[in-house]
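Chain by chain, the residues:
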Amino acid sequence: MKLIDLNRDGGIGANSLFVQLGDLNILVDCGLHPKKAGRRATPDFSPLRGRHLDLIVITHCHLDHIGSLPVAMRDHPSAAVVMSSSSAMLIERMLHNSANVMMRQKEEDNIPDYPLFTHEEIERCGKRFIPLPFGQAKKFRGARDEIEIVFHGAGHVAGAVGVEIRHKHRAIFFTGDVLFEDQRTLAGAKFPAGHFDTLVTETTRGGTDRPAGKTRGAEMARLVAAINDCIQRGGSFLIPVFALGRMQEVLAILHDARRFRRLVECPIYASGLGMDIVDYFDQISNASDDVELHRIGERYGIRVVPG
Ligand SMILES: [Zn+2]
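Residues numbered from 1 in each chain as written. Predicted model: local features only at pLDDT ≥ 70, side-chain atom pairs only at ≥ 80, totals over all residues. Heavy atoms only, no water.

1. A word on unusual backbone geometry
As a reminder, the rule being used: Strands here are runs of E lasting at least two residues and helices are runs of H or I lasting at least four, both read from the DSSP assignment and numbered beginning at the N terminus.
The omega torsion of the bond from Tyr-114 to Pro-115 falls at -5°, within 30 degrees of zero and hence cis. You can see Pro-115 is positioned in the loop between α3 (85–108) and α4 (119–126). Positive phi is not limited to glycine here, since Asn-110 has a value of about 55°. With respect to the helices, strands and loops of the structure, Asn-110 is situated in the loop between α3 and α4.

What follows is the structure in structure tokens.
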């Protein structure tokens, strides 16, 4: 097995791993750096030059894992692209939003490389996506070798998976971004036990212990108390959150706090992509067995501001 990290800078960025297993060339994720611009924001694809890519595996739909996918698919038109069934429901919406942002940045920040892909291209990409339910094995063949892939729920965001790959007698596991703790809207990771020869994991918080006494419940209570204090003093409370995952989680927490009369009477406004994703979450929780995604709750009282 050969593994090359294509993320130019390390850390949170254009996540992408090139993996060779026998004669199969595989890309795990294909992100876009959130703070870089133009071609510098993509992974360093130079190790793929002149190589045939057999398979692209997507762990989840955050842009630092999918934002350059249409570029890689353009360069490798015969690569199969596999992701969880829930990610397959979300990914095009996320990429269309990214194309819109790039169009705006092209004008406002004068970035000639942007957009890296168009809306039409995303639609063409959509036809190549292969949804794979959690726990179901799927084989992919190269000229000589064969691998088997199984997805396991990784918590983190809807559709996120850890990827088990078996090649000959070797077992490799990519955790992707992972959260073992249950969230309000999503169950924690359920990874397989047993022997693995290689484990590839994220390290965002891997090297840092959680401060003693800091629990999820206590942090939620602290958030609600801070909101109450601010509103009661006549202020407004702005919560900047990622559109996919975090916004739905925060809305559900606020909804619960209001239901149990822990939140002061106040209007809640939300806008943009995150509110669209709320609808997708409801569709996913109805349609997919993959994800233990809990309904956000009635969206009563959340006023959508056109974004
Ligand atoms: Zn993520």
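2. Notes on α3
Defined as follows: Any helix carries an expected span of 1.5 Å times its number of residues minus one. Across the chain, bend at a residue is computed as the angle between axes fitted to the seven residues ending at that point and the seven starting from it. With a 1.4 Å probe rolled over the protein chains alone, any residue whose accessible area is under 20% of its type maximum counts as buried; one over 50% counts as exposed, and the rest are partly exposed. For this analysis, residues touch if any pair of their heavy atoms sits within 4.5 Å.
Across its 24 residues, α3 extends 36 Å between first and last C-alpha, which sits within 8% of the 34 Å expected from 1.5 Å per residue. Along its length, α3 reaches its greatest deviation from straightness, about 30°, at Ile-91. If you check which residues of α3 are buried, you get Ser-86, Ser-87, Leu-90, Ile-91, Met-94, Leu-95, His-96, Ser-98, Ala-99 and Met-102. Contact partners of the buried residues in α3: α1 (63–66), α2 (69–75), β5 (80–84), α4, β6 (129–132) and α7 (273–287). In the segment just after α3, Asn-110 is the residue with positive phi, at about 55°.

3. A word on the packing of α3 against α4
Using the following cut-off: Comment: axis = line fitted to C-alpha atoms, over the contacting stretch for helices; angle = value between 0 and 180 degrees taken between N-to-C directions. Throughout, the term roughly parallel applies to angles under 35 degrees, roughly antiparallel to angles over 145, roughly perpendicular to angles from 65 to 115, and oblique to all others. Crossings are classed by handedness, with left-handed meaning an anticlockwise turn of the near helix from the far one by less than a right angle and right-handed meaning a clockwise turn.
Close contact between α3 and α4 brings their axes to 9 Å; oriented N to C, the two are set at 160°. Between α3 and α4, the interaxial angle falls into the category roughly antiparallel. Relative to α4, the crossing made by α3 is right-handed. Residues Glu-92, Leu-95, His-96, Ala-99 and Asn-100 of α3 form the contact with α4, whose participating residues are His-119, Ile-122, Glu-123 and Gly-126.

4. Comments concerning the environment of Glu-123
Mapping Glu-123 onto the fold places it in helix α4. With a relative accessible area of 45%, Glu-123 lands in the partly exposed category. Between the alpha carbons of Glu-123 and His-96 there is a distance of 9.0 Å; along the sequence they are 27 residues apart. Among all residues touching Glu-123, those that are not within four sequence positions of it are Glu-92 and His-96.

5. Digging into the sheet that holds strand β11 (residues 198–200)
Where we set the bar: Strand pairing requires that DSSP identify at least two bridges connecting the strands.
With mixed pairing, the 5 strands of this open sheet are ordered in space as β7-β8-β9-β10-β11. Where the open sheet ends on each side, the last strands, each with one partner, are β7 (138–141) and β11. Between one strand axis and the next, the sheet turns through 20° on average, direction left out of account. Sheet topology note: the strand β9 (residues 161–167)/strand β10 (residues 170–174) ladder contains 5 bridges and is antiparallel. From the neighbouring strand, Val-163 faces β10, where its bridge partner is Phe-174.

6. With respect to the pattern of salt bridges
Operational definition: Counted as salt bridges are all cases of a side-chain nitrogen of Lys or Arg within 4 Å of a carboxyl oxygen of Asp or Glu.
Summed over all chains, the structure comprises 15 salt bridges. Here Glu-146 and Arg-141 are joined by a salt bridge, their closest N and O atoms 2.7 Å apart. Note on Glu-146: relative accessible area 31%, which makes it partly exposed. Its relative accessible area of 60% is what places Arg-141 among the exposed residues. Between Glu-249 and Arg-216 there is a salt bridge, and its shortest N-O distance comes to 2.1 Å. Here Arg-216 lies in helix α5 (residues 216–232) and Glu-249 lies in helix α6 (residues 246–259), a separation of 33 residues in the sequence. Look at Glu-249 and you get buried, because its relative accessible area is 3%. The class for Arg-216 is partly exposed, based on a relative accessible area of 25%. Each of the salt bridges in this network shares a partner with another, and the network as a whole consists of Asp-9, Lys-36 and Arg-40.

Geometric values such as these leave the question of function open.
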